[in-house]
Amino acid sequence: MTDDASKNPTDGQTMWGGRFTAKPAELMQAINVSIGFDRRLAPQDLAGSRAHCAMLTKAGVISSEDGAKILAGLDLIEQEMASGAFPFRDEYEDIHMNVEARLKELIGEPAGRLHTARSRNDQVAVDFRLWVREACDRSAAQLQQLQLALLAKAEAHADTLMPGFTHLQPAQPVTFGHHLMAYVEMFGRDASRFADARARMNESPLGAAALAGSPFPIDRHMTAEALGFDRPTANSLDSVSARDFALEALAAASICATHLSRIAEEIVIWVTPQFGFVSLTDAFTTGSSIMPQKRNPDAAELVRAKVGRILGSLVSLMTVMKGLPLAYSKDMQEDKQPVFEAFDSLSLALAAMTGMVADLEPNRARMAAAAGAGFSTATDLADWLVRTLNMPFRQAHHITGAAVKRAEVLGVDLPGLPLHELQALEPGITDDVYKVLAPAASAASRTSYGGTAPSGVRAQIQRWKDYLS
Ligand code: ARG
């Protein structure tokens, strides 16, 4: 860094350098500088400064002429940022001082009045809250797009059969639509977690100043309202110390990423030749540089992996915040990169998953065949015994187990087991039983609320469509 660049252009000192006689060591600057990443807060920083300036003017803390000059200067800065002309400079440490230093270059003395009744501590708190609030809104909107893609696929496959699994072992037939709707529920809860986090964080810390509040007649309700907050925060120490809004958003992101990793894993399994349940087009697969036959689900694998970064970000910031005394400590500058990284990753993962869901094509024949394999309608046989012969379920379970064992010995599936074989186990069985042993009948019979019957699945699809529109 050059001497000149390290100085405030008009007072010949670093912005905070009044009591200092020597420049910071280069290493001090290297560890201290944050403009490389907090420049992403530029739009929020300008919004905060505009609101603060308007309020200072209205409260008579600064003159209307100075207020107008400051606002005009902030407009110029915004234009410079849009055109790429704004000089982001390491020697001004962070976004707040870069904006203020540039403002001074553009409008001169009035720039120095903007920081009245304000500190970088409440400034960064407001900028970051605004950024995280937007990230929550963006995530909720992207989740809705993913839900719409799932709904469209679920509607097309409300009665496409597939095996339902527990322990990844064939359990009972379900429909593909029902399976996809399980994710619509999960992603719906994820969206509502982002909405909850947003509602809780939507208080303005601006005006808390360094930590104790301000002796100037500031109007914190006015700035809160101008920035779209519900109200100002109620305690100045908490205002500049709190980062739980970011932690909560990261927790919501981590849970959401966990859900994404589960559907991603299922896609990875489904597209294997061994399962062959669905295929992805060239749009969401890649080839191998050595094995010409390969079609790899890289996008699904990467979505599956993103939870590592996102949950890592939560752990990272939680660890930074743990044990910090009130109020602001510079540790808290380490809050931004994990949040930026987590939400960049989440946004990409949500978009990629939305694309994959729209892209994937189920192989109905293959899924239907698998739905009947593995004695998947054994529970239906037991239920038939209970319903038709008034047998206690435990006894029915036992007889059905014996039927499965017999089928295994004969090398047939349950519907292929001859009636006399079944009657050898329970004489009351009639050929009416075969009606419930077909996978389609099994799925269609599960009409309890939330069950897999296509009629119920269609009702759930309609409910979600109404809700999302
Ligand atoms: N760049 C700082 C941060 O991100 C801004 C607040 C600095 N405050 C201070 N007292 N040094 O946390």
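As a reminder, the structure under discussion sits directly above these lines.
Below: a short report on this structure. Keep in mind that what you see is a predicted model, and the values were worked out from it rather than measured. (Residues numbered from 1 in each chain as written. Predicted model: local features only at pLDDT ≥ 70, side-chain atom pairs only at ≥ 80, totals over all residues. Heavy atoms only, no water.)

1. Brief notes about the site of the ligand
Consideration 1: Around the ligand, the neighbouring residues are Ser34, Asp38, Asp94, His96, Arg120, Asn121, Val124, Tyr328, Lys330, Gln333 and Lys336.
Consideration 2: Within the side chain of Arg120, a nitrogen or oxygen atom sits 3.4 Å from a nitrogen atom of the ligand.
Consideration 3: At a separation of 2.4 Å, an oxygen atom of the ligand approaches a polar side-chain atom of Tyr328.
Consideration 4: If the ligand stood free it would expose 340 Å²; the protein chains cover 86% of that surface.
Consideration 5: Broken down by element, the shell around the ligand gets its largest block of residues, three residues, from helix H6 (residues 120–156). (Near = heavy atom within 4 Å. Polar contact = N/O pair within 3.5 Å; in protein donor to acceptor, adjacent residues only side chain to side chain. Areas by Shrake-Rupley, 256 points an atom, 1.4 Å probe, with all protein chains shown as cover. Helix = DSSP H or I, 4+ residues; strand = E, 2+ residues; numbered from the N terminus.)

2. A few points about the packing of helix H10 (residues 244–270) against helix H11 (residues 298–321)
Geometry of a packed helix pair, given as the angle between the helix axes and the separation of the axes.
Consideration 1: For the pair H10 and H11, the least separation of the axes is 8 Å and the interaxial angle reads 160 degrees. Put simply, H10 runs roughly antiparallel to H11. You can see that H10 and H11 cross each other, and the crossing is left-handed.
Consideration 2: Residues that form the contact of H10 with H11 fall into these classes: 18 nonpolar, four polar and three charged. (Axes fitted to C-alpha atoms, helices over the stretch in contact; angles between N-to-C directions. Parallel < 35°, antiparallel > 145°, perpendicular 65-115°, else oblique. Left-handed = near helix turned anticlockwise from the far one by under 90°. Nonpolar A, V, L, I, M, F, W, Y, C, P; charged D, E, K, R; others polar.)

3. A word on unusual backbone geometry
Consideration 1: Looking along the chain, the bond that leaves Leu326 and enters Ala327 is cis, with omega of 0 degrees.
Consideration 2: By secondary structure assignment, the location of Ala327 is in the loop between H11 and helix H12 (336–359).
Consideration 3: Positive phi is not limited to glycine here, since Phe375 has a value of about 55 degrees.
Consideration 4: Note that Phe375 resides in the loop between helix H13 (364–372) and helix H14 (378–389).
Consideration 5: The buried category is assigned to Phe375, whose relative accessible area is 19%. (Buried < 20%, exposed > 50% of the residue type's maximum accessible area, 1.4 Å probe, protein only.)

4. Digging into the nonpolar core
Consideration 1: Counting 92 residues, the largest nonpolar core has Val132, Leu260, Phe343, Leu346 and Met353 as its most contacted members.
Consideration 2: If one sorts the elements of this core by residue count, H10 sits on top with 15 residues.
Consideration 3: Beyond its immediate stretch of four places on either side in the chain, Leu346 contacts Ser139, Phe194, Ala253, Cys256, Ala257, Leu260 and Ile310.
Consideration 4: The next biggest cluster of nonpolar side chains, apart from the first, holds 19 residues, and it includes Ala378, Trp384, Val404 and Leu417. (Core = buried A, V, L, I, M, F, W, Y, C linked by side-chain atoms within 4.5 Å. Contact = heavy atoms within 4.5 Å.)

5. Brief notes about helix H15 (residues 393–410)
Consideration 1: A rise of 1.5 Å per residue sets the reference length of H15, with its 18 residues, at 26 Å; its end C-alpha atoms lie 25 Å apart and thus fit the reference within 8%.
Consideration 2: For H15, the set of buried residues is Ala396, Ile399, Thr400, Ala403, Val404 and Ala407. End-on view of H15: buried residues confined to an arc of 150 degrees, all on one side of the axis. Of the exposed residues in H15, the ones pointing more than 90 degrees away from its buried face are Arg394, His398, Lys405, Glu408 and Val409.
Consideration 3: Where H15 is buried, its residues contact H14 and helix H16 (419–425). (Expected span 1.5 Å × (residues − 1). Arc of directions from axis to C-beta.)

6. Some words on a nonpolar patch on the surface
Consideration 1: A surface patch of nonpolar side chains, about 270 Å² in accessible area, is lined by Leu211, Leu237 and Leu326.
Consideration 2: By secondary structure assignment, the location of Leu326 is in the loop between H11 and H12.
Consideration 3: Its relative accessible area of 64% is what places Leu326 among the exposed residues. (Patch = residues over 30% accessible without salt bridge, like charges linked within 9 Å, V, L, I, M, F, W, Y side chains within 5 Å. Salt bridge = Lys/Arg side-chain N within 4 Å of Asp/Glu carboxyl O.)

7. A closer look at the packing of H14 against H15
Consideration 1: For the pair H14 and H15, interaxial distance at closest approach is 8 Å and the crossing angle is 135 degrees. One element, H14, and the other, H15, form an angle in the oblique class. Read as a crossing pair, H14 and H15 show a hand that is right-handed. In this structure, H14 uses Ala378, Leu381, Ala382, Asp383, Leu385 and Val386 to contact H15, whose residues at the interface are Phe393, Ala396, His397, Ile399, Thr400, Ala403 and Val404.
Consideration 2: Residue composition of the contact of H14 with H15, by class: 10 nonpolar, two polar and one charged.

8. A word on the pattern of salt bridges
Consideration 1: What the rule picks out here adds up to 28 salt bridges.
Consideration 2: Taking the shortest distance from any N to any O, the salt bridge between Glu109 and Arg113 comes out at 2.8 Å.
Consideration 3: Measuring nitrogen to oxygen at the nearest pair gives 3.9 Å for the salt bridge that ties Lys153 to Glu361. Of this pair, Lys153 sits in helix H6 while Glu361 sits in strand S6 (residues 361–362), placing them 208 residues apart in sequence.

9. Topic: the environment of Ala51
Consideration 1: Along the chain, Ala51 turns up in helix H3 (residues 42–58).
Consideration 2: Expressed as a C-alpha distance, the spacing of Ala51 and Glu248, which sit 197 residues apart in the sequence, is 26 Å.
Consideration 3: In this view, Ala51 contacts Thr223, Ala226 and Leu227; residues no more than four positions away in its chain are not counted.

So, to be careful, I would describe these as geometric facts and stop short of saying anything about function.
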